[in-house]
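Summary of the model geometry
Listed here are the chains, written in short residue letters.
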Amino acid sequence: MHFLTSNAPFIAPQNSVQRMMFWVLIALLPGVITMIWQFGYGVLFNIIICLMTALAAEALMLHLRGRPILPFMSDLSAVVTALLLALALPTLAPWWIPFIGALIAIIIAKHLYGGLGYNPFNPAMVAFAVLMVSFPKSMTVWMLPQALQIDGLTLSDLVSIVFQQQDKPELIDAITAATPLDTMKTQLGLNQTVDEIRNASLFGSLAGTGWQWVSIAFLLGGCLLLAKKIISWHIPVGLLAGLFTISFIAYMSEPGLSPSPIFHLLSGGAMLGAFFIATDPVTAATTTKGRFVYGALIGVLTYIIRTWGGYPEGIAFAVILINMAVPLIDHYTQPRVYGHK
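A quick note: this is a predicted structure, and the numbers were derived from the prediction, not measured. (Residues numbered from 1 in each chain as written. Predicted model: local features only at pLDDT ≥ 70, side-chain atom pairs only at ≥ 80, totals over all residues. Heavy atoms only, no water.)

Our next topic: the overall build of the chain. When helices and strands are counted, the chain shows 17 helices and 2 strands. In terms of C-alpha radius of gyration, the chain reaches 21 Å, essentially the compact-globule figure of 20 Å for 341 residues. Judged by the C-alpha coordinates and their principal axes, the chain covers about 80 × 50 × 30 Å. Going through the 341 residues of the chain one by one, you find that 49% of them count as buried. Residue pairs in contact within the chain that sit at least 24 positions apart in sequence constitute 76% of those at least 6 positions apart. Counting every atom, the chain has about 16,900 Å² of accessible surface; 68% of that belongs to carbon and sulfur. (Helix = DSSP H or I, 4+ residues; strand = E, 2+ residues; numbered from the N terminus. Rg over C-alpha atoms; globule rule 2.2 N^0.38 Å. Buried < 20%, exposed > 50% of the residue type's maximum accessible area, 1.4 Å probe, protein only. Contact = heavy atoms within 4.5 Å. Areas by Shrake-Rupley, 256 points an atom, 1.4 Å probe, with all protein chains shown as cover.)

What follows is the structure in structure tokens.
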């Protein structure tokens with residue numbers, strides 16, 4: 001009698017790339033819906049353009065590399081990259097900003113390094129950083145949150161702004177403003193105190209008007225990822241702890257000149273970065289201790305860039321810089337081998 005045998009492993013893995021990416025997309029939904037509620041349908045324009053461009057670029061690169069297109073595209077990694085980039089972009093950016101960004105993320109930051117699993121840097125953040133350095137003016141066109149808008153923006157106005165931005169300067173000036181982080185940084189540089197700056201309508205009870213609700217929505221989505229065991233707690237807790245600790249020290253040292261830790265946690269991309277960007281399994285640290293250290297370094301560096309750097313938001317640059325340090329972090333945080341001191 002003959003028995004059929006197979007090679008190990010005999011226990012089916014609980015996670016797959018497709019399953020992980022699917023749950024990341026589900027967890028992003030609260031943040032996406034809240035961003036649309038607070039900042040309008042420009043968010044959808046960014047998502048659609050990024051998705052279409054990323055999928056086309058993914059198919060093209062797979063074809064050029066001689067890889068099967070359908071199996072690789074069905075892992076949803078390109079969709080997640082496109083969505084993360086779209087959520088990081090200004091809500092009234094001209095159409096070519098998400099188009100160029102998606103091309104950079106997929107072609108340069110992903111496939112030129114060998115594709116998924118070989119890229120040393122987070123593709124979405126590489127694209128965001130390149131866009132920020134190359135087109136700083138277009139990357140600061142943020143729409144006022146819903147609570148501060150005097151007149152609603154019609155769909156035709158939105159289409160005109162996105163596709164014919166040069167013809168709508170007066171309309172753009174009337175409905176846009178600097179982000180709370182940018183406003184805080186600029187006004188502190190003009191020797192105003194935090195209390196004086198926070199009197200402006202752009203700032204809510206916790207952080208920036210509208211922005212605080214977006215951050216809370218991404219926090220809820222991140223908790224879903226933790227509950228489904230798609231990510232571990234080490235990186236998000238490390239990042240938020242690092243950002244909170246350094247901002248708390250600064251706040252206690254100079255309360256009139258340093259925003260509160262809550263402001264730093266809820267005004268920018270800290271929650272999106274902590275749960276959805278820094279936790280990228282390809283570019284993050286792999287050891288248990290290393291993940292916490294990796295997250296904490298990103299949090300500290302984010303604060304440093306926000307406070308003393310040339311940009312009001314530091315998540316993207318902090319993630320890329322600490323991605324470079326991942327081999328070193330993993331090297332010095334290896335767990336002790338059983339039976340050895």
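It is worth spelling out the nonpolar core at this point. Ranked by internal contacts, the top residues of the largest apolar core, which has 88 residues, are Leu28, Leu87, Phe218, Phe276 and Tyr294. Core analysis: the next-biggest nonpolar cluster, separate from the first, contains 9 residues, Leu92, Leu158, Val162 and Ile175 among them. (Core = buried A, V, L, I, M, F, W, Y, C linked by side-chain atoms within 4.5 Å.)

On to a nonpolar patch on the surface. A surface patch of nonpolar side chains, about 620 Å² in accessible area, is lined by Leu206, Phe244, Phe248, Ile249, Tyr251, Met252 and Ile262. Relative to the helices and strands, phenylalanine 248 is located in helix H12 (residues 234–253). Look at phenylalanine 248 and you get partly exposed, because its relative accessible area is 38%. (Patch = residues over 30% accessible without salt bridge, like charges linked within 9 Å, V, L, I, M, F, W, Y side chains within 5 Å. Salt bridge = Lys/Arg side-chain N within 4 Å of Asp/Glu carboxyl O.)

An α-helical segment advances 3.6 residues per turn. Residues three or four places apart therefore align on the same side. Taking 1.5 Å per residue as the helical rise, H12 with its 20 residues ought to reach 28 Å, and the 28 Å between its terminal C-alpha atoms agrees with that figure. Residues of H12 that are buried: His234, Ile235, Pro236, Gly238, Leu239, Leu240, Gly242, Leu243, Ser247 and Ala250. The inward-facing, buried residues of H12 contact helix H13 (261–266), helix H14 (270–277) and helix H15 (288–308). (Expected span 1.5 Å × (residues − 1).)

Here we come to the side chain of glutamine 38. The residue glutamine 38 is located in helix H1 (residues 17–39) in this model. Take glutamine 38: its relative accessible area is 4%, and that puts it in the buried class. Ignoring any residue separated from it by four or fewer positions in sequence, one finds glutamine 38 in contact with Leu144, Pro145, Gln146, Gln149, Gly210, Trp213 and Val214.

A few words on the pattern of salt bridges. Enumeration over the complete set of coordinates arrives at 2 salt bridges. A salt bridge links glutamate 313 to arginine 306; its shortest N-O distance comes to 3.0 Å.

All right, on to the packing of aromatic side chains then. One pass over the structure, following the stated rule, counts 12 aromatic pairs. Plain terms: the ring middles of phenylalanine 39 and tryptophan 142 are 6.1 Å apart, the flat faces sit at 70° to each other, and that makes the pair edge-to-face. Separated by 103 residues along the polypeptide, phenylalanine 39 in helix H1 and tryptophan 142 in strand E1 (residues 142–143) bring together distant segments of the chain. The interplanar angle of 70° and the centroid separation of 6.3 Å between the aromatic rings of tyrosine 113 and phenylalanine 121 together place this pair among those described as edge-to-face. For tyrosine 113, a relative accessible area of 41% puts it in the partly exposed group. In this structure an aromatic cluster arises from ring pairing among Phe39, Trp142 and Trp211. (Phe/Tyr/Trp six-rings, centres within 6.5 Å; stacked < 30°, edge-to-face > 60°.)

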